[in-house]
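# Understanding the architecture of this molecule
What follows is each chain in one-letter form.
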Amino acid sequence: LENLQPEIKELAKRLRYEVSVRGKQLGWSEKVARFHFTKNMRRIVTELYVRDNCHPFKATLLLWVQIPMWVCVSLALRNCSVGALGSAVKEQFSSGGALWFTDLTTPDSTWILPVSLGLVNLLLVEV
C-alpha cells in the first residue's frame, strides 16, 4: 500500500485536472465535479489494489485471527494457573517450572520473562 501512494497521488492530480476540464466543458457544478472525481478515483484505486494484489483488508486479516486466539490462550492459561481445572493441574503448575521460575502459579518477580517476551514480540513486529 505504501508503494502505491506516489502513483495514487499522481493519478489523483491527473484525474482532478481531467474532471475540472470536463466539468467546464459540460457546465458541472463543484458538487457534481467532486462526485465524478470521487467515483472515478475509487475505481482507479480499486484497480491498482487488484493489479498489485494488496487490498487493505489483507493487512488486518492476521489481527482477526490473532486476537481471538490470544484471548483463548490467555483464558486457558489463567484457568490452569488458578486451579479452575482441578487441583492436580495446579499442583503440576506449582512444581513444574525450570531455572529461576520453579512455581508457575506465582508472578515472575524478576520480570525476565515478561520483558523478554515483550522484546521478542517487538522484534517480530519490526522485522
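The rules behind the values
Residues numbered from 1 in each chain as written. Predicted model: local features only at pLDDT ≥ 70, side-chain atom pairs only at ≥ 80, totals over all residues. Heavy atoms only, no water. Helix = DSSP H or I, 4+ residues; strand = E, 2+ residues; numbered from the N terminus. Expected span 1.5 Å × (residues − 1). Buried < 20%, exposed > 50% of the residue type's maximum accessible area, 1.4 Å probe, protein only. Domains from an automatic or database assignment. Salt bridge = Lys/Arg side-chain N within 4 Å of Asp/Glu carboxyl O.

Under an unreviewed UniProt entry, the name given to the protein chain is COX18 protein, and the organism recorded is Sylvietta virens.

## Re helix α2 (residues 30–52)
Helix length check: α2, at 23 residues, gives a terminal C-alpha distance of 33 Å against a target of 33 Å (1.5 Å per residue), a fit within 8%. Regarding α2, the residues found buried are Ala33, Phe37, Met41, Ile44, Val45, Leu48 and Tyr49. In the segment just after α2, Asn53 is the residue with positive phi, at about 55°.

## Side note on unusual backbone geometry
Backbone geometry follows two general trends: most residues other than glycine have a negative phi, and most peptide bonds adopt the trans configuration. At Asn53, a position not held by glycine, the phi torsion is positive, near 55°. Tracing the sequence through the fold places Asn53 in the loop between α2 and α3 (56–81).

## Let's talk about the domain arrangement of the protein chain
The domain boundaries assigned to the protein chain delineate domain 1 (3–54) and domain 2 (57–126). Centre-to-centre separation of domain 1 and domain 2, based on C-alpha positions: 49 Å.

## What about the pattern of salt bridges?
Counted according to the given criterion, the structure contains 4 salt bridges. A salt bridge links Asp52 to Arg51, with the shortest nitrogen-to-oxygen separation between them at 2.9 Å. When its relative accessible area of 36% is taken as the criterion, Asp52 is described as partly exposed. The network of salt bridges with shared partners includes Glu7, Arg51 and Asp52.

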